[in-house]
Amino acid sequence: MTDTLWASGVGLATRAADGTILDTWFPSPALGRLADGDAASTRASLDSQTGADERRGVQLEVVEIEIEIAAAVASTPDAYLRLHLLSHLLVTPNSVSLENVFAHLPNNAWTSAGPVAPEFASQNLPALKRAGIQVYAQDKFPRLTDYVLPEGVRIGDASRIRLGAHLSPGTVVMHEGFVNFNAGTLGSSMVEGRISQGVVVGDGSDVGGGASIMGTLSGGGTHRISIGERTLLGANAGVGISLGDDCVVEAGLYVTAGTKIVLADEPRTAEGAPQVVKASQLSGVNGVLFIRNSVSGAIEARKRTGVGVTLNEALHA
């Protein structure tokens with residue numbers, strides 16, 4: 001948990017006709033309490049954008065908020081401020097409370113002009129189309145780039161990156177890559193697979209095409225999985241354990257916490273049998289190569305030395 005106990009922001013909220021706040025955009029979220037001068041300046045810049053948007057049946061208004069980041073989410077602007085803190089890289093994944101976040105994120109119809117109440121969108125689709133407004137999703141979470149454009153990051157398909165993703169400069173997310181909220185990269189990384197909620201990927205690592213990292217929302221329980229530095233998760237591979245630095249999981253291999261692993265480099269037992277452990281015992285260990293023996297079919301762990309993968313510097317500049 002960060003030492004700063006408070007976060008704050010002045011934002012532009014979208015309110016539906018029934019009074020529901022659909023979202024809040026914070027152009028300059030900050031750690032700490034609201035500063036009078038900064039709040040006044042941001043409010044002045046947002047005032048010109050307030051008022052009714054009859055096309056979407058909403059009202060835009062300025063809101064000011066202070067939150068304790070260790071406390072549970074208490075409102076929709078509170079939830080959006082926490083997601084903005086993550087995507088502005090002011091906090092790292094798992095360092096701010098997101099308890100009750102789903103309860104305070106309405107399920108919106110997301111359009112090219114901003115969020116709309118689903119009932120309004122359903123009843124006014126012809127009018128929205130005549131106004132050139134397209135509905136592209138219906139979900140609690142919006143896409144990242146509708147609220148934050150992370151510096152020094154390439155994103156092939158913005159619809160696959162949720163607000164609340166933490167993408168460090170030098171990160172490349174290819175078209176099939178997916179990054180959930182409260183998850184992301186801590187340095188220059190290649191993302192061609194799935195980074196689930198709560199997962200962080202270290203500097204210089206590569207999540208291969210179709211690869212998957214199990215998160216706490218996808219059957220991973222309470223363990224927060226991390227991928228170390230210079231580590232490769234091969235194409236169509238997956239892990240339910242943490243990987244240390246300079247590790248490799250071969251393409252197509254899925255390693256869960258209960259997977260039985262043969263320690264290929266360790267001495268055999270007195271009976272001549274190989275040593276076998278659960279994969280959870282190797283969670284976070286540096287310099288491990290996970291492969292499937294093409295003859296026996298057993299999953300093996302072998303020791304690796306030296307540096308793991310090396311990313312193309314020009315690609316991540």
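From a predicted model like this one, the values you see are computed outputs, not experimental measurements.

Engineer: Tell me what's going on with the UniProt feature "active site" (unreviewed entry) in the chain, and back it up with residues and numbers.
Structural biologist: The sites that carry the UniProt feature "active site" (unreviewed entry) are, in the present numbering, Glu 192. With respect to the element layout, Glu 192 can be found in the loop between strand E14 (190–191) and strand E15 (194–195). The residues touching Glu 192, leaving out its near neighbours within four places in the chain, are Met 174, Glu 176, Gly 177, Asp 206, Val 207, Gly 208, Gly 209 and Gly 210.

Engineer: Pulling in residues and values, what's your account of the side chain of Ser 205?
Structural biologist: Residue position: Ser 205 is located in the loop between strand E16 (200–201) and strand E17 (206–207). Looking at Ser 205, the relative accessible area reads 0%, which means it is buried. Within polar-contact distance, the side chain of Ser 205 engages the backbone oxygen of Gly 228 at 2.5 Å.

Engineer: Kindly report on the UniProt feature "binding site: succinyl-CoA" (unreviewed entry) in the chain, identifying the contributing residues and their values.
Structural biologist: The positions that UniProt labels "binding site: succinyl-CoA" (unreviewed entry) are, in the present scheme, Arg 194, Gly 209, Ser 212, Ala 235, Glu 250, Ala 251, Gly 258 and Lys 278. With the annotated positions falling across 85 residues, the maximum pairwise C-alpha distance of 26.1 Å shows that they are not confined to a single cluster. Note on placement: Arg 194 falls in strand E15. Filtering out sequence-adjacent residues up to four positions away, Arg 194 remains in contact with Phe 178, Asn 180, Val 207, Ala 211, Ser 212 and Ile 213.

Engineer: Which residues make up the sheet that holds strand E26 (residues 288–292), and what values go with them?
Structural biologist: Sheets are built from strands that pair by backbone hydrogen bonding, the pairs being arranged parallel or antiparallel. In spatial order, the strands read E9-E11-E14-E17-E20-E22-E26-E27-E24-E25; together these 10 strands make up an open sheet with mixed pairing. One side of each edge strand has no neighbouring strand; the edge strands of this open sheet are strand E9 (154–155) and strand E25 (276–278). Both strand E24 (residues 260–263) and strand E27 (residues 299–303) contribute to a ladder of 2 bridges, which runs parallel. By the bridge assignment for E27, Val 262 is matched with Glu 300.

Engineer: Mind laying out the sheet that holds strand E21 (residues 238–239), listing which residues take part and the relevant values?
Structural biologist: Read across the sheet, 5 strands follow the order E12-E15-E18-E21-E23 without closing on themselves; strand pairing throughout is parallel. For this open sheet the edge positions go to strand E12 (178–179) and strand E23 (254–255), each flanked by a neighbour on one side alone. Across 2 bridges, E15 lies against strand E18 (residues 212–213) in parallel orientation. Its bridge partner being in E18, Ile 195 is matched across the sheet by Ile 213.

Engineer: Report on the environment of Glu 66, specifying residues and quantitative values.
Structural biologist: Its location among the elements puts Glu 66 in strand E5 (residues 58–68). The class for Glu 66 is partly exposed, based on a relative accessible area of 31%. For Glu 66 and Ala 30, which are 36 residues apart along the polypeptide, the C-alpha to C-alpha distance reads 9.7 Å. Non-local contacts of Glu 66, meaning those with residues more than four positions away in its chain, are made with Trp 6, Ala 7, Ser 8, Arg 33 and Leu 34. Engagement of the side chain of Glu 66 in a polar contact is seen with the side chain of Arg 33, the distance being 3.0 Å. Within the structure, Glu 66 has its side chain in polar contact with the backbone nitrogen of Leu 34 (distance 2.8 Å).

Engineer: I'd like to hear about the side chain of Ser 8, residue by residue, with values.
Structural biologist: Inspection of the secondary structure assignment puts Ser 8 in strand E1 (residues 6–16). Take Ser 8: its relative accessible area is 4%, and that puts it in the buried class. Within the local environment of Ser 8, its side chain forms a polar contact with the backbone oxygen of Gly 32, the two atoms lying 2.9 Å apart. For Ser 8, the contacting residues outside a window of four places in its chain are Pro 29, Ala 30, Gly 32, Arg 33, Leu 34, Ile 65, Glu 66 and Leu 81.

Engineer: Break down the layout of surface pockets for me, citing the residues and quoting the values.
Structural biologist: Computed from the structure, the largest pocket encloses a volume of approximately 280 Å³. Contributing to the lining of the largest pocket are 17 residues, with Asp 23, Ala 113, Gly 114, Pro 115 and Asp 146 lying nearest its centre. Looking at side-chain class alone, the lining of the largest pocket contains 8 nonpolar, 5 polar and 4 charged residues.

Engineer: Lay out the packing of aromatic side chains with the relevant residues and their values.
Structural biologist: How two aromatic rings sit relative to each other is given by the distance of their centres and the angle of their planes. A full pass over the atoms with the stated rule returns 5 aromatic pairs. Relative to Phe 141, the ring of Phe 102 has its centre 5.8 Å away and its plane inclined at 75°; by these criteria the two rings are edge-to-face. Highlighted residues: Phe 102 in the loop between helix H2 (76–87) and strand E6 (108–111) and Phe 141 in the loop between strand E8 (135–139) and E9, separated in sequence by 39 residues. For Phe 102, a relative accessible area of 36% puts it in the partly exposed group. Taking the centre distance of 6.5 Å and the plane angle of 85° together, the rings of Trp 110 and Tyr 147 count as edge-to-face.

Engineer: Any details on the pattern of salt bridges? Residues and values, ideally.
Structural biologist: Oppositely charged side chains may form a pair once their charged atoms are brought near each other. With the rule as written, the count across this model stands at 12 salt bridges. Between Arg 230 and Asp 246 there is a salt bridge, with the nearest N and O atoms lying 2.7 Å from each other. Of this pair, Arg 230 sits in the loop between strand E19 (226–227) and strand E20 (232–233) while Asp 246 sits in the loop between E21 and strand E22 (248–249), placing them 16 residues apart in sequence. Look at Arg 230 and you get partly exposed, because its relative accessible area is 26%.

How each quantity is defined
- Residues numbered from 1 in each chain as written.
- Predicted model: local features only at pLDDT ≥ 70, side-chain atom pairs only at ≥ 80, totals over all residues.
- Heavy atoms only, no water.
- UniProt positions renumbered as here; feature names shortened; annotations may be inferred.
- Helix = DSSP H or I, 4+ residues; strand = E, 2+ residues; numbered from the N terminus.
- Contact = heavy atoms within 4.5 Å.
- Buried < 20%, exposed > 50% of the residue type's maximum accessible area, 1.4 Å probe, protein only.
- Polar contact = N/O pair within 3.5 Å; in protein donor to acceptor, adjacent residues only side chain to side chain.
- Pairing = 2+ DSSP bridges.
- 1 Å grid on protein atoms, 1.4 Å probe; cavity = no way out; pocket = protein on both sides within 12 Å on 5 of 7 lines; lining within 4 Å.
- Points joined across faces, edges and corners; volume = space filled by probe spheres on them.
- Nonpolar A, V, L, I, M, F, W, Y, C, P; charged D, E, K, R; others polar.
- Phe/Tyr/Trp six-rings, centres within 6.5 Å; stacked < 30°, edge-to-face > 60°.
- Salt bridge = Lys/Arg side-chain N within 4 Å of Asp/Glu carboxyl O.

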